[in-house]
Amino acid sequence: MITWREGTVSGVRREWPGAVELDVSVDGGRVRALAYPALTGRPAPGDRVLVNTTALDLGLGTGGYALVVAVPDRLPADSALAGHLVKARYTPLQVTVLGADEQGSPHHDVLRDADDLDGMPVVVADLHSALPAVLAGVFDSAERTGANPPSVPGSARVVYVMQDGGALPAWFSRTCATLKEAGWLAATVTTGQSFGGDLETVTVHTGLLAARHVLGADIAVVAQGPGNLGTGTRWGFSGVAAGEVVNAVAALGGRPVASLRVSDADLRERHRGISHHSLTAYGRVALARADVVVAALDGEFGARVAAEAGRLSERHQIVTVPVDGLEAALRACPAPLSTMGRGLDEDLAYFLTAAAAGRHAGRLLCADTGLSSA
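Just so it is clear, the model here is predicted, and its values are computed rather than measured.

1. Examining the environment of T178
You can see T178 is positioned in helix α5 (residues 174–181). Residues T178 and P334 lie 156 residues apart in sequence; the distance between their C-alpha atoms is 6.8 Å. In this structure T178 touches P334 and A335, once residues within four positions along its chain are discounted.

In structure tokens:
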């Protein structure tokens, strides 16, 4: 189940909040490895490290990394046990964190009674790669309606609520680190078994309530962490949880905005046009009504997407959103855009569709706050 290797750190490549990328010599070769200093301490050149190379050996989507499990000759000091929420439970690397919703948290009194999102728009996406594109659409909408750009206080405050279907440590995401540094992302809430966010919660429900009532979010974006588990079957993929999020948002009095997974570049037919993942999650799993955003794409492909989205119209409100200006907004995004190894130019339709969902959420916010829409 686990391929263990012993290696020696030969160099440090780069760092971002919560993670350090290393070169590690293993079995006479060199691999890229990732360490989370909060778990292992900070490895340094010359350190002996234990690494897990299982997913790397199988060529799975770990970002091409071996993962550092321990620096056995220089263990980190014992950390203060601030809370009682255990995540990655009953694994050898289970972690204890302070949950925003647990007793003893300074936010417990707020979240104990919180029960409503006050109509907050919540964009739901299947893949983590949609996050920066959604934000590009949100802030493009804000600029077009006369609101401040994201770097100016008073613009839309967006919080990312991270599910546990992909990476569990939020630190893995360079996207989140970059968006936060640029002022586009206010905070991250890690839910379920995921950890490492600005706030920790037990469920997506309390994650959404914490985003709204503790962090003051105007808009939330919910998606799994980096990575996606899929089996090529209708139901065997981690993104099915997007449908459950729609239900959670509606149950809490929020405004669900469904972002479709769309591609005209994916070689797999099941993901061309509207991915079967979106059609299953929103067409079968989501029982509550959502605004399903369809980007107004050109040509035959745009017509195909619109026709496929029509299959969701009995259950949801189909909202067609123009894409004028969105490509420029995407190119201005501070975080690199990539999905399944394809960048903006290789899969423009995917990113335009996610940005259109962000634009719609931004317009809903502007309507609620009395700003005129473009």
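Anyway, onward from the coordinates.
2. Re the sheet that holds strand β16 (residues 291–295)
A sheet is described by the order of its strands in space; here eight strands give the open sequence β11-β10-β9-β12-β8-β13-β16-β17, paired in parallel fashion. On the outer flanks of this sheet lie β11 (199–200) and β17 (317–321), each paired with one strand and no other.

3. Concerning the sheet that holds strand β1 (residues 4–16)
Ordered by their spatial adjacency, five strands build a closed barrel running β1-β2-β3-β5-β4, and the pairing between neighbours is mixed. Strand-to-strand twist of the sheet, defined as the mean angle between neighbouring strand axes without regard to direction, takes the value 55°. Where β1 meets strand β2 (residues 19–26), seven bridges bridge the pair, whose relative direction is antiparallel. Within β2, the position partnered with R14 by the bridge is E21.

4. A word on the packing of helix α7 (residues 241–251) against helix α8 (residues 276–285)
The description of two helices packed together rests on the angle between their axes and the distance between the axes. Contact geometry for α7 and α8: axes closest at 7 Å, N-to-C directions at 40°. Classed by the angle they form, the pair α7 and α8 counts as oblique. Classified by chirality, the crossing of α8 by α7 is right-handed. Contact residues: α7 offers A242, G243, E244, V246 and N247, while α8 offers A281, Y282 and V285. The residue inventory of the contact of α7 with α8, partitioned by class, reads five nonpolar, two polar and one charged.

Calculation notes
- Residues numbered from 1 in each chain as written.
- Predicted model: local features only at pLDDT ≥ 70, side-chain atom pairs only at ≥ 80, totals over all residues.
- Heavy atoms only, no water.
- Helix = DSSP H or I, 4+ residues; strand = E, 2+ residues; numbered from the N terminus.
- Contact = heavy atoms within 4.5 Å.
- Pairing = 2+ DSSP bridges.
- Axes fitted to C-alpha atoms, helices over the stretch in contact; angles between N-to-C directions.
- Parallel < 35°, antiparallel > 145°, perpendicular 65-115°, else oblique.
- Left-handed = near helix turned anticlockwise from the far one by under 90°.
- Nonpolar A, V, L, I, M, F, W, Y, C, P; charged D, E, K, R; others polar.

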